[in-house]
Amino acid sequence: MNEADQDRQKEEQRVVQVISEINRQIDSLQEHVTEVSADIVGIRKHFWDDVTVNFEDASEAAETYASIKQQAEVLSERERVHRHAIHQLRTLRRLVQSPYFGRIDFREETESVAEPVYLGIASLLDKNEEQFLVYDWRAPISSLYYDYAPGPATYETPSGTVTGEITCKRQYVIRDGQLLHLFDTGVTIGDELLQEVLGKQADSQMKSIVATIQRDQNRIIRNDKSRLVIVSGAAGSGKTSAALQRIAYLLYRYRKTLRAEQIVLFSPNSLFNSYVSTVLPELGEENMQQTTFQEYAEHRLGAIFQLEHPLTQMEYVLTAMEEPGYPERIAGIRMKTSPRFMQVIDDYATALKESGILFRPLKFRDRTLISANRISDHFYSLDPSISIPNRMTLVGRWLLGELKKHERVERSKPWVEDELELLDKDAFAAVYQELRRKNQFREDTFNDFDREQELLAAKIVKKQFQPLRTWVRELQFIDSTATYRQLFTDSPLTMSIFGADERPSQWSEICAQTLARLDQNELTYEDTPPFLYLQEKLEGFQTNNIVRHVFIDEAQDYSPFQFALLQRLFPRAKMTVLGDWNQAIYAHAYESSSFEAVASLYEPEQTETFVLTKSYRSTEPIVTFTRQLVKDGDRIEPFRRIGRKPSVTAVQDREALAEQIAGRIAELKAEGHQAIAVITKTAQEAQEAYENLRDKLDIRMIGTRAISYETEVLIIPSYLAKGVEFDAVLLYDASAERYSRESERKLFYTACTRAMHELHLYSIGNVSPFLDSVSADSYDFLSS
Ligand SMILES: Nc1ncnc2c1ncn2[C@@H]1O[C@H](COP(=O)(O)OP(=O)(O)OP(=O)(O)O)[C@@H](O)[C@H]1O
């Protein structure tokens with residue numbers, strides 16, 4: 001047997017040994033779980049047996065309370081042990097399938113021999129709990145595996161830097177307890193393994209990448225110094241993957257203090273939420289909170305406005321070119337998402353310190369108790385050096401005081417008497433009891449009656465005033481809508497803020513459109529962040545101090561307002577912002593190509609920026625094709641994975657298109673591809689494609705309300721496919737008619753970069769001019 005065979009045999013034996021140890025631990029833990037479960041059932045069943053219940057006097061009652069508390073503590077401790085054991089059991093069951101995926105032999109500077117370090121998704125100790133059979137991939141020593149080739153290497157521990165040498169670096173593929181492959185590797189974590197992983201079929205759920213994390217990604221994952229981590233990376237470069245493994249890393253690194261619910265991931269849409277939701281559980285961690293900006297906005301403003309969904313705005317932008325008012329709305333979107341407009345709102349808020357905030361009157365039974373003017377006068381009589389929100393709190397207190405006065409006056413109003421007459425006996429009896437308790441009865445019956453009436457009147461008025469007090473406490477007296485609205489009326493105040501020459505040329509039409517929507521209680525997607533921002537400036541920023549990490553994926557589509565709002569909402573959190581400017585599909589929004597807006601919210605020394613240039617998702621021919629579609633695309637490096645060249649097929653009409661697509665899909669399925677997406681530009685086109693293809697294929701349409709999808713043949717609008725991937729992508733109609741404006745280029749690019757193994761473009765008539773920049777040898781041109 002040669003050395004390599006001997007080596008493999010040893011490794012195979014080790015796999016068997018480790019698995020047998022895991023099985024032993026599973027059995028023993030299982031036994032423990034059974035015992036603890038029995039304890040818990042027993043305690044619950046006999047809870048009251050061991051408790052002496054006696055409330056005869058205070059000391060007996062205290063004893064009873066203490067004994068109940070003790071019993072409850074025993075129960076909760078057992079329950080905690082049970083939960084922990086179940087968690088461990090789950091981890092062991094995952095490990096038994098594939099106990100480890102990597103190994104490094106590391107010799108510390110001060111030692112003479114190298115120690116093997118095996119890496120897996122969780123740590124495993126030997127029988128005597130002395131030696132690590134497997135190290136968690138997130139342990140400090142494990143970073144060596146991701147960062148170094150064999151040779152000198154160092155890693156950081158909480159107590160300092162450890163220096164030494166890696167003498168061997170190896171990767172394993174162990175499935176169902178069987179060692180399938182092992183490779184010795186160099187710097188990057190084995191191309192072989194990566195080839196294998198990336199060569200697989202797409203799934204409707206994202207997978208963890210811990211076995212093949214690349215060095216650049218590892219830096220992002222393990223960064224724990226910066227307040228703000230910015231990741232700018234090409235399509236398919238592993239931004240989302242890095243974000244999710246980073247969350248798993250943080251949960252491990254700060255396991256004593258950080259819980260999953262203290263981490264929030266902002267994602268582009270619900271479909272994406274479901275796509276990434278399995279990664280952390282696969283790694284044995286609980287999922288972070290997932291949300292979208294829209295959900296947050298709904299939570300804040302949903303009761304006041306009908307909020308436009310971002311995808312509705314997107315569909316409008318892409319389809320309504322012929323509608324009246326379209327160019328003005330686009331100009332409005334551009335303006336309202338720009339840093340300049342944020343400056344306008346900041347200046348407006350400064351001016352509002354002196355004058356201009358609009359208030360709502362405090363009304364009761366259709367009568368104005370305190371007019372909006374009086375509230376305004378009171379507000380503006382307060383010291384202007386006090387911030388607006390603090391002055392609002394003072395106004396609130398003043399209003400509550402005023403309300404009290406009105407309440408007293410109100411008690412003698414005729415309506416109260418009417419209400420008194422309607423009261424039932426029980427109410428009288430209750431008040432009688434209360435007066436007795438308070439010892440307010442004297443011998444004189446006549447006065448007793450008066451007092452009873454007074455008390456009842458007070459109660460009636462108090463009850464009726466309760467909603468007013470809530471109204472005041474909720475700061476509803478501030479009319480944020482009217483104050484925002486005022487920005488779009490040519491009031492002298494807003495004229496002075498909004499330098500006339502700086503307004504877009506379509507200003508008056510933008511104003512008219514904005515006012516019309518606001519008057520219908522509708523808030524467009526472009527108005528939502530500035531409105532929220534202004535509202536917060538008036539009422540004070542709402543903060544969440546529990547969340548410690550905020551992740552924003554697809555951050556290129558966030559406006560400066562959104563970043564500012566999120567930063568203020570989570571003042572104690574670190575931010576990780578990930579995006580790709582080539583995929584800025586809200587292309588009509590203010591265009592930027594850097595994360596300046598978010599970076600400006602933090603000090604430069606608190607910020608670290610990472611750039612990922614290698615694209616892992618698609619085969620080399622696909623990346624070679626797609627990168628030519630965008631500016632600076634030559635910076636995107638393909639990962640060497642072979643595959644078929646993309647194809648472009650020009651057809652005469654819709655019938656021919658359906659024929660071609662159906663034929664291709666049948667072929668792709670026969671080749672074993674499962675996740676196949678026909679990507680359309682818009683939801684409208686998706687509907688049209690569905691009508692065209694449904695008779696020829698078993699196909700499902702994914703609409704804007706979809707929350708999950710299966711690996712099947714789908715029709716999906718480009719903007720919904722953002723962040724997800726498919727084995728094969730067929731671009732439904734890549735014609736010049738569909739894609740020719742510069743603003744559509746990024747959408748086109750985003751759609752094409754969803755493909756892992758196969759990319760096929762179809763066009764009714766002339767193909768999009770975007771292909772002019774792509775060299776003819778990067779794709780096969782077919783015409784039917
Ligand atoms: N180190 C890695 N090992 C294995 N697979 C990887 C690695 N990095 C990325 N991938 C794979 O590449 C694909 C793209 O990754 P991901 O979706 O995280 O990229 P992204 O940068 O967020 O892409 P996009 O911006 O296009 O949505 C996924 O299938 C992911 O599993």
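Residues numbered from 1 in each chain as written. Predicted model: local features only at pLDDT ≥ 70, side-chain atom pairs only at ≥ 80, totals over all residues. Heavy atoms only, no water.

An unreviewed UniProt entry lists the protein chain under the name Helicase, with Brevibacillus nitrificans given as the organism.

Colleague: Hey, could you run me through the overall build of the protein chain in this one?
Modeller: A tally of helices and strands in the protein chain yields 27 helices and 26 strands. If you line up the protein chain on its principal axes, its C-alpha atoms span 115 × 80 × 55 Å. Considering the protein chain as a whole, with its 784 residues, one finds that 52% of them fall into the buried category. Counting only contacts in the protein chain whose residues sit at least 6 apart along the sequence, the fraction spanning at least 24 positions is 73%. Counting every atom, the protein chain has about 36700 Å² of accessible surface; 48% of that belongs to carbon and sulfur. Charge-centre separation for the protein chain: the mean point of 93 positive side chains lies 3 Å from the mean point of 119 negative side chains. (Helix = DSSP H or I, 4+ residues; strand = E, 2+ residues; numbered from the N terminus. Buried < 20%, exposed > 50% of the residue type's maximum accessible area, 1.4 Å probe, protein only. Contact = heavy atoms within 4.5 Å. Areas by Shrake-Rupley, 256 points an atom, 1.4 Å probe, with all protein chains shown as cover. Lys, Arg positive; Asp, Glu negative; His and termini not counted. Charge placed at Lys NZ, Arg CZ, Asp CG, Glu CD.)

Colleague: Could you clarify how one ought to interpret the sheet that holds strand β26 (residues 780–783) in this entry?
Modeller: Paired through their backbone hydrogen bonds, the strands of a sheet run either parallel or antiparallel. Spatially, β22-β23-β21-β24-β25-β20-β26 is the arrangement adopted by the seven strands of the open sheet, whose pairing is parallel. If you trace the sheet from one side to the other, it starts and ends with β22 (700–701) and β26, each paired once. Pairing analysis gives two bridges linking β22 to strand β23 (residues 713–717), with the strands arranged parallel. Opposite Arg-700, over in β23, you have Leu-714 as the bridge partner. Packed on one face of the sheet, helix α25 (residues 654–670) meets β20 (647–651), β21 (676–680), β23, β24 (726–731), β25 (755–764) and β26 and runs near 165 degrees to β25. (Pairing = 2+ DSSP bridges. Axes fitted to C-alpha atoms, helices over the stretch in contact; angles between N-to-C directions.)

Colleague: I keep staring at the packing of aromatic side chains and nothing clicks. Help me out?
Modeller: Remark: the centre distance and the inter-plane angle together describe each pair of aromatic rings, the angle taken between the planes. On inspection of all chains with the given rule, the structure shows 30 aromatic pairs. A centroid spacing of 5.3 Å and a plane angle of 85 degrees characterise the contact between Tyr-100 and Tyr-172, whose relative ring orientation is edge-to-face. Of this pair, Tyr-100 sits in the loop between α2 (58–97) and β1 (102–108) while Tyr-172 sits in strand β6 (residues 160–175), and the two are 72 residues apart along the sequence. Accessibility expressed as a relative area gives 0% for Tyr-100, which makes it buried. Since its relative accessible area comes to 2%, Tyr-172 is described here as buried. Seen from their ring centres, Phe-748 and Phe-770 are 5.5 Å apart, and the 70 degrees between their planes marks the pair as edge-to-face. Of the two residues, Phe-748 sits in helix α27 (residues 745–752) while Phe-770 sits in the loop between β25 and β26, which places them 22 residues apart along the sequence. Neither residue differs from the other here; Phe-748 and Phe-770 are each classed as buried. An aromatic cluster of at least three residues, connected via ring pairs, comprises Phe-305, Phe-341, Tyr-484, Phe-488, Trp-507, Phe-531, Tyr-533, Phe-541 and Phe-561. When the ring centre of Tyr-145 is taken as reference, the NZ or CZ atom of Lys-169 above it lies at 5.6 Å. Directly above the aromatic system of Tyr-252 lies the positively charged group of Arg-255, at a separation of 4.3 Å from the ring centroid. (Phe/Tyr/Trp six-rings, centres within 6.5 Å; stacked < 30°, edge-to-face > 60°. Lys NZ or Arg CZ within 6 Å of the ring centre and 35° of its normal.)

Colleague: Sorry, what's going on with empty space enclosed by the protein here?
Modeller: One way to see where empty space is left: roll a probe the size of a water molecule over the atoms. For the coordinates displayed, the defined rule picks out one cavity of 30 Å³ or more. What the largest cavity holds in volume is close to 40 Å³. Together, Ala-235, Ser-615, Ser-618, Val-623, Thr-626, Arg-627, Ile-636, Tyr-749 and Thr-753 line the largest cavity. Here the residues of the lining of the largest cavity are counted per class, giving four nonpolar, four polar and one charged. (1 Å grid on protein atoms, 1.4 Å probe; cavity = no way out; pocket = protein on both sides within 12 Å on 5 of 7 lines; lining within 4 Å. Points joined across faces, edges and corners; volume = space filled by probe spheres on them. Nonpolar A, V, L, I, M, F, W, Y, C, P; charged D, E, K, R; others polar.)

Colleague: Is there a simple way to explain the side chain of Glu-11 in this structure?
Modeller: The residue Glu-11 is located in helix α1 (residues 3–45) in this model. Given a relative accessible area of 2%, Glu-11 falls into the buried group. Reaching out from Glu-11, the side chain makes a polar contact with the side chain of Tyr-118 at a distance of 3.4 Å. (Polar contact = N/O pair within 3.5 Å; in protein donor to acceptor, adjacent residues only side chain to side chain.)

Colleague: Just checking my understanding: could you explain the site of the ligand for this structure?
Modeller: Neighbouring residues of the ligand: 23 residues in total, closest Thr-212, Lys-239, Ser-241, Glu-725 and Arg-754. Between a nitrogen atom of the ligand and a side-chain N or O atom of Thr-212, the distance comes to 2.6 Å. One nitrogen or oxygen atom from the side chain of Arg-617 is found 2.8 Å from an oxygen atom belonging to the ligand. Taken together, the elements giving at least two residues each to the shell around the ligand come down to α4 (191–199) and α6 (239–253). The dominant element in the shell around the ligand, judged by the number of residues it contributes, is α6, at three residues. Shared between two domains, the shell around the ligand holds at least three residues of each, these being domain 2 (98–219) and domain 5 (629–783). (Near = heavy atom within 4 Å. Domains from an automatic or database assignment.)

Colleague: Any chance you could explain the side chain of Ser-618 here in plain terms?
Modeller: Tracing the backbone through its elements, the reader meets Ser-618 in the loop between β18 (614–615) and α24 (620–626). Within the local environment of Ser-618, its side chain forms a polar contact with the backbone oxygen of Ala-755, the two atoms lying 2.7 Å apart. In contact with Ser-618, other than residues within four places in its own chain, are Val-623, Arg-641, Thr-753, Ala-755 and Met-756.

Colleague: Could you clarify how one ought to interpret the layout of surface pockets in this entry?
Modeller: Taken as a whole, the largest pocket holds about 1400 Å³ of empty space. For the largest pocket, the lining is made up of 40 residues, of which His-84, His-87, Gln-88, Thr-91 and Gly-284 are closest to its centre. Of all the secondary structure elements, the ones that give two or more residues to the lining of the largest pocket are α1, α2, β3 (124–125), β4 (132–136) and α6. Residues of the lining of the largest pocket, tallied by class, amount to 14 nonpolar, nine polar and 17 charged. The residues that make up the lining of the largest pocket include at least three from each of domain 1 (3–97) and domain 2 (98–219). When its volume is computed, the second largest pocket comes out at roughly 1200 Å³.

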